[in-house]
Amino acid sequence: MTDPTSLALVKLCCGALEAKKADALCVLDVSAQSSITDYLVLATATSAPHLRALRVELEKAVDAAHTRIVGIETADDSGWTVVDLFDVMVHLFTAEHRAKYRLERLWKDARELDVAALLAPAAPARAPRKRAAPARRKAAAPRPRRRA
């Protein structure tokens, strides 16, 4: 079972990437296959400038959440950026490089999470229903007495 804070970090990352129009967003739970991370978040950028924009947006979101970035690996014109958040590794690709490296196939035994469900707003907590007080019986009006 993975740490709930890791899943919250995954949701934060997905939200930031979705806000910047990342394509083909995918989350893999690799906790059973990997000893170094719990989740892989994969996203595709439409161009090199879009790749940078995704990385910058991700950094802003992570910094705002006061989460430490362990490292960022990128090279000019590499088409692939990795953001290491320890329990979560984010891989940002251009479409060409994502097709080339095919991480989904490499981690084919991992469980894929439903990104739409992760991004869905949490249902508001319902207040517990109060039990209705038992209905009170109306006191019967006194009957007039008959005189005998």
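Residues numbered from 1 in each chain as written. Predicted model: local features only at pLDDT ≥ 70, side-chain atom pairs only at ≥ 80, totals over all residues. Heavy atoms only, no water.

Taken as a whole and assessed by the stated rule, the structure comprises 2 aromatic pairs. A ring pair is formed by Trp-80 and Tyr-101, whose centres lie 4.5 Å apart and whose planes are at 40°; its orientation type is tilted. Of this pair, Trp-80 sits in strand E4 (residues 80-84) while Tyr-101 sits in helix H3 (residues 95-101), and the two are 21 residues apart along the sequence. Given a relative accessible area of 36%, Tyr-101 falls into the partly exposed group. (Phe/Tyr/Trp six-rings, centres within 6.5 Å; stacked < 30°, edge-to-face > 60°. Helix = DSSP H or I, 4+ residues; strand = E, 2+ residues; numbered from the N terminus. Buried < 20%, exposed > 50% of the residue type's maximum accessible area, 1.4 Å probe, protein only.)

Right, let's get into the packing of helix H1 (residues 4-19) against helix H2 (residues 48-64). One way to put it is that H1 packs onto H2 with a least axis distance of 9 Å and a crossing angle of 140°. Taken together, the axis directions place H1 and H2 in an arrangement best described as oblique. Considering only the axes of H1 and H2, their crossing is right-handed. Touching Leu-12, Cys-13, Ala-16 and Leu-17 of H1 are Leu-54, Glu-57, Leu-58, Ala-61 and Val-62, all from H2. For the contact of H1 with H2, the class distribution of residues is 8 nonpolar, no polar and 1 charged. (Axes fitted to C-alpha atoms, helices over the stretch in contact; angles between N-to-C directions. Parallel < 35°, antiparallel > 145°, perpendicular 65-115°, else oblique. Left-handed = near helix turned anticlockwise from the far one by under 90°. Contact = heavy atoms within 4.5 Å. Nonpolar A, V, L, I, M, F, W, Y, C, P; charged D, E, K, R; others polar.)

This brings us to H1. Here H1 is 16 residues long and its end C-alpha atoms lie 23 Å apart, about the 22 Å a rise of 1.5 Å per residue gives. If you check which residues of H1 are buried, you get Ser-6, Leu-9, Val-10, Cys-13, Cys-14, Ala-16 and Leu-17. Down the axis of H1, the sector holding all buried residues measures 165°, keeping them to one side. Exposed residues on H1 whose side chains face more than 90 degrees from its buried face are Pro-4, Thr-5 and Ala-19. Structurally, H1 contributes buried residues whose contacts are with strand E1 (23-29), strand E2 (39-45), H2, strand E5 (88-94) and helix H5 (115-119). (Expected span 1.5 Å × (residues − 1). Arc of directions from axis to C-beta.)

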